[in-house]
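Residue strings, one per chain:
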Amino acid sequence: MAASMAAAAGRLRRAFRRSPLWGGLSRRPFSSEPPPASATAVRDAFLSFFRDRHGHRLVPSASVRPRGDPSLLFVNAGMNQFKPIFLGTVDPRSEMAGFRRVANSQKCVRAGGRHNDLEDVGRDLSHHTFFEMLGNWAFGGEYFKEEACRMAWELLTQVYGIPEDRLWVSYFGGDPKAGLDPDLESRDIWLSLGVCASHVLSFGPQENFWEMGNTGPCGPCTEIHYDLAGRGGAPQLVELWNLVFIQHNREADGSLQPLPQRHVDTGMGLERLVAVLQGTRSTYDTDLFSPLLDAIQQGCGVPPYLGRVGAADEGRTDMAYRVVADHIRTLSVCIADGVCPGMSGAPLVLRRILRRAVRFSTEVLRAPPGFLGSLVPVVVETLGDAYPELRKHSAQIVNLVSEDEAAFLASLQRGRHIIDQTLRHLGPSDLFPAEVAWSLSLSGNLGLPLDLVELMLEEKGVRLDSAGLARLAQEEAQHRSRQAEPAQEQGLQLNVHALGELQRRGVPPTDDSPKYNYSLRPSGGYEFGTCEAQVLQLYTEDGTAVASVGKGQRCGLLLDKTNFYAEQGGQASDRGYLVRVGQEDVLFPVPRAQVCGGFILHEAVAPEGLKVGDQVQLHVDEAWRLGCMEKHTATHLLNWALRQTLGPGTEQRGSHLNPERLRFDVATQAPLTPEQLRAVEGTVQEAVGQDEAVYMEEVALARTAHVPGLRFLDEVYPDPVRVVSVGVPVAEALDLGSQAALQTSVELCCGTHLLRTGAVGDLVIVGERQLSRGTTRLLAVTGEQAQQAREVGQALAQEVGAAAERLSRGSQDVVEAQRLSKDMGRLTDAVDTAVMPQWQRRELQATLKVLQRRANTAIRKLETGQSGSDSPSRKLTDLMTPFSAQCHLTVDLPSSHPLSSICAPALVLHLQWPICRGLELW
């Protein structure tokens, strides 16, 4: 008997470990009560249950763009937005700090990065790149295992009416290697709730121990599974709900330590739950997808969707249905949240998703051009009530999807042509050139995914030069690393244990209000006050709390108050120094201050000993602070000017500033034109010239909720929150009847600002580039740097004018013409790299392009007149001349080709980086 029970348990464990393939349809009702009629009803029932029965606060879904979390490409779980609570770094003045029990439905994307379902989508009946995660949380021990399990069981069995005998649960069976005992508490809770003992199984850490990452909060979890088979045979188990009990922290050395506070984090996929409640074995057969599948059939004229997989899915028609339906949901949600197809990071992943959808829709479903964009309204109708941003941005989503679809179709057609032309010049056993494949790829000219290029070659029975491709990928990675912004040095941090200890001791958050204590002198200069404070705690470089530090030791200082601005909100940290009271001749340099859970940690190198209890006086670097204030106020003016120029719907996507320059990311439908760039600068100059007062005031966060025109970001703001208003007092700006926030810059902001706009002096946009489709990054300088940029622009404009005049006079010989062409190239390089107004750079670049073309035409005419011949080598020279002043070219020819075939279609020219690689000439 015991042996048979053990064998049965083993079979069940294997069933748990497998991700079961959803089989045919099964629409038997679960009880006499009808199930919720729609996915909307299922979602609403979940939220209402936790709000009305168990006092949870409902919070909106976070954007799928991670908020200040570079470790993620996309938000991929409901807990992402609450990580500051788990890590102890939440601002104690913020609304989030007051969360105790909350619930929501979170938009999630799992594509790219650690959790990547992209390649599985379409192959089975359950994988998705976008899904909704229903979750409830309890923070700081508000409730724990017993309450979480009881609520989950009540919802599933009583509200949704799922038969108890169809539910199985698993719990953590312990990990002797890590010194972790089995979670018998969870097991006993399930048994007390009436779960059959044979339906309660234990598993190891791989299945039932959840971790945020390689380090950080973690803990055992218990999972609720649904048996698809029921009484009809061997269990077919699919996970419904994961309940995580966060009670440990994974340290950097791999050890586990107990957390100061325990939390509950649960997650249940809406799509899978709806499939269970609607009596279907496939998430694609639910009403979350059926409107899309119907629209795909009507738009493409293909046979109806039948839910087939594998070999049964002849022609991969049903796979294409699933790919297109899933991917258009992902594209719509991401674009609505400001993630647009682009060339790196999350935008690159989204670009791959779009191209995968286009290929399946056109090549398998034979969809007409513009088809993908026509599906966006169906997504909006299905999800728009739950996520209003979809309705708000529906037109933008349609435009971006349609434009990118058209561009990709053109690239796909050209790519096929290039492949065919190249294959004509390859031998039967030749590898396909890596350079040509690279030129077709997302990293090259045409933007085709490399896996798609490989698939296209595979269909033709040709192998790719994988070694050469790896070499090119390595070269590009090295180039990107050189071009990337230098990574900021990681400063001292307070970990979750240090923060927990401070909270246990009742240490109040650092009072940093003195950072706003500055004023204008009658002379127009700024006066910054000093601040006296007491050392509350000292930390070594590894974060260990100590009572004193010695001479030469790098340390972190926690003070009761400070006048230093800690880096946040896109503004660089203050720097300066501190002295011990009574010993003002010994300076402790402070290069940085950082905020951790409301505590400001000052980094310093101690020239002499320092101990807890010492009284110190802090001095900020006034020039550095003033530079930050100048750039921050200029950033607000730039934000407002962009809205004035591009329209009130223009949204900021991020910013960063220091005394040298400011960086501003803005959502745009298209790249800014030179005229728009110039208009933006003019609007800022007008506000600067008026020397308007800058008003700052702290107000209750609720007062800012419905003010038309008020600018804010997707951030967690403190309450009360600081409002910065240019030219209009804050009280007037927040008056709902005044409309003042539509006429001037009014933003929520904790940064330090000028008191009058005149000190900005001037603003010049000196750089612009597309981060992704729909997002533009602007670089700007102010004050004296801006004036210098304008002077450089004027000087270069005069040089270009003089070169144009020389060209108009004509050249008498080849040498003179070549000299003029070289001068054009030199000017082009100067204009490309100079710190100058971007609008002027774009105008001069366009002028120089025309002048270069004319100069090269003149050279060719003079050379033709001198030689009177048109040899193959002359043709090659003519071919290269238009680029000669701007880049170097090399010609790679297949070894089987003689020089006389230099103009064959297989010819590949590689322009020296960074112009491009793999330019094809036919």
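Quick notes on the rules
- Residues numbered from 1 in each chain as written.
- Predicted model: local features only at pLDDT ≥ 70, side-chain atom pairs only at ≥ 80, totals over all residues.
- Heavy atoms only, no water.
- Pairing = 2+ DSSP bridges.
- Helix = DSSP H or I, 4+ residues; strand = E, 2+ residues; numbered from the N terminus.
- Axes fitted to C-alpha atoms, helices over the stretch in contact; angles between N-to-C directions.
- Contact = heavy atoms within 4.5 Å.
- Phe/Tyr/Trp six-rings, centres within 6.5 Å; stacked < 30°, edge-to-face > 60°.
- Buried < 20%, exposed > 50% of the residue type's maximum accessible area, 1.4 Å probe, protein only.
- Lys NZ or Arg CZ within 6 Å of the ring centre and 35° of its normal.
- Salt bridge = Lys/Arg side-chain N within 4 Å of Asp/Glu carboxyl O.

Caption draft 1: Seen up close, the sheet that holds strand β22 (residues 652-657). Spatial ordering of the open sheet is given by β22-β23-β28-β27, a layout of 4 strands whose pairing is antiparallel. Either end of the sheet is taken by a strand with one partner, and the two such strands are β22 and β27 (763-772). Adjacent strand axes in the sheet meet at a mean angle of 20°, parallel and antiparallel pairs treated alike. Both β27 and strand β28 (residues 775-782) contribute to a ladder of 8 bridges, which runs antiparallel. Note that in β28 the partner of Ile765 across the bridge is Ala780. In the packing of helix α18 (residues 622-646) onto the sheet, the strands contacted are β22, β23 (662-667), β27 and β28, and the crossing angle to β23 comes to about 20°.

Caption draft 2: Seen up close, the sheet that holds strand β25 (residues 721-726). In space, the 3 strands of this open sheet follow the order β24-β25-β26, with antiparallel pairing throughout. This sheet does not close on itself; its edge strands, each paired only once, are β24 (694-699) and β26 (746-748). Adjacent strand axes in the sheet meet at a mean angle of 20°, parallel and antiparallel pairs treated alike. Alignment of β24 against β25, held across 6 bridges, turns out to be antiparallel. Its bridge partner lying in β25, Val699 is registered against Val721.

Caption draft 3: Region of interest: the packing of aromatic side chains. For the structure shown, the criterion picks out 16 aromatic pairs. Their ring planes at 55° and their centres at 5.4 Å tell us that Phe82 and Phe139 sit as a pair that is tilted. Of the two residues, Phe82 is situated in the loop between β1 (57-58) and α3 (83-87) and Phe139 in the loop between β3 (130-138) and α4 (145-159); the sequence distance between them amounts to 57 residues. Comparing Phe82 with Phe139, the two get one shared label, buried. Measuring from centroid to centroid gives 6.3 Å for Tyr526 and Phe528, while their planes differ by 25°, and the two rings are stacked. For the residue pair Tyr526 and Phe528, the accessibility class agrees, reading buried in each case. Through pairs of rings, three or more aromatic residues link up here, namely Phe82, Phe86, Phe99, Trp137 and Phe139. Here the guanidinium or amino end of Arg262 rests over the ring plane of Phe144, the centre of that ring lying 4.0 Å away.

Caption draft 4: Layout of the pattern of salt bridges. Throughout the structure, instances matching the rule amount to 43 salt bridges. Between Glu271 and Arg329 there is a salt bridge, with the nearest N and O atoms lying 3.0 Å from each other. Linking Glu271 in helix α7 (residues 270-277) with Arg329 in helix α9 (residues 317-336), this pair joins segments that are 58 residues apart in sequence. For the pair shown, Glu271 and Arg329 are each scored as buried. Close ionic contact of Lys631 with Glu630 constitutes a salt bridge, the shortest N to O distance being 3.7 Å. As far as burial versus exposure is concerned, Lys631 and Glu630 are alike and both buried. One connected set of salt bridges, linked through shared partners, spans Glu541, Arg554, Arg592 and Glu603.

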